[in-house]
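# Close look at the chain arrangement
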Amino acid sequence: MYALILPASTPFVLLATVLGLSWWEDRILPTPEPVEALIEDLLAPAAPAQLSELPRIETALTREVAGR
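Residues numbered from 1 in each chain as written. Predicted model: local features only at pLDDT ≥ 70, side-chain atom pairs only at ≥ 80, totals over all residues. Heavy atoms only, no water.

## Remarks on the overall build of the protein chain
Within the protein chain, the regular secondary structure consists of three helices and zero strands. Written out in order from the N terminus, the α and β elements of the protein chain read α-α-α. A buried classification covers 1% of the 68 residues belonging to the protein chain. (Helix = DSSP H or I, 4+ residues; strand = E, 2+ residues; numbered from the N terminus. Buried < 20%, exposed > 50% of the residue type's maximum accessible area, 1.4 Å probe, protein only.)

See below:
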């Protein structure tokens, strides 16, 4: 009887192994960053661009202030 169970269960054991390894690869292993993201990080400026000075709260909104 065991001679029939072993060959019949082999495909299910292999399927469970492949599914387990697939889950392990998706959940446990770290995902590598795409090469494009690494290149963009290298080409990005080191410091953020300076923003122009914002008008103070007390300043009335005039055409001169709004045009900045």
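## Concerning helix α1 (residues 2-27)
A rise of 1.5 Å per residue sets the reference length of α1, with its 26 residues, at 38 Å; its end C-alpha atoms lie 36 Å apart and thus fit the reference within 8%. Along its length, α1 shows its largest kink, about 40°, at T10, and proline P11 lies within four residues downstream of that point. (Expected span 1.5 Å × (residues − 1). Bend = angle between axes of the 7 residues up to and from the residue.)

## Things to note about the confidence of the model for the protein chain
Chain-level statistics for the protein chain give a pLDDT mean of 76 and a share of 59% at 70 or above. Within the protein chain, no element has a lower average pLDDT than helix α3 (residues 63-66), which sits at 58, and none a higher one than α1, at 92. (pLDDT = per-residue confidence, 0-100.)

## Some remarks on a nonpolar patch on the surface
Together, L21, W23, W24, I28 and L29 give the surface a local cluster of nonpolar side chains, amounting to about 520 Å² of exposed area. On the secondary structure map, W23 appears in helix α1. W23 gets classed as partly exposed once you look at its relative accessible area, which sits at 48%. (Patch = residues over 30% accessible without salt bridge, like charges linked within 9 Å, V, L, I, M, F, W, Y side chains within 5 Å. Areas by Shrake-Rupley, 256 points an atom, 1.4 Å probe, with all protein chains shown as cover. Salt bridge = Lys/Arg side-chain N within 4 Å of Asp/Glu carboxyl O.)

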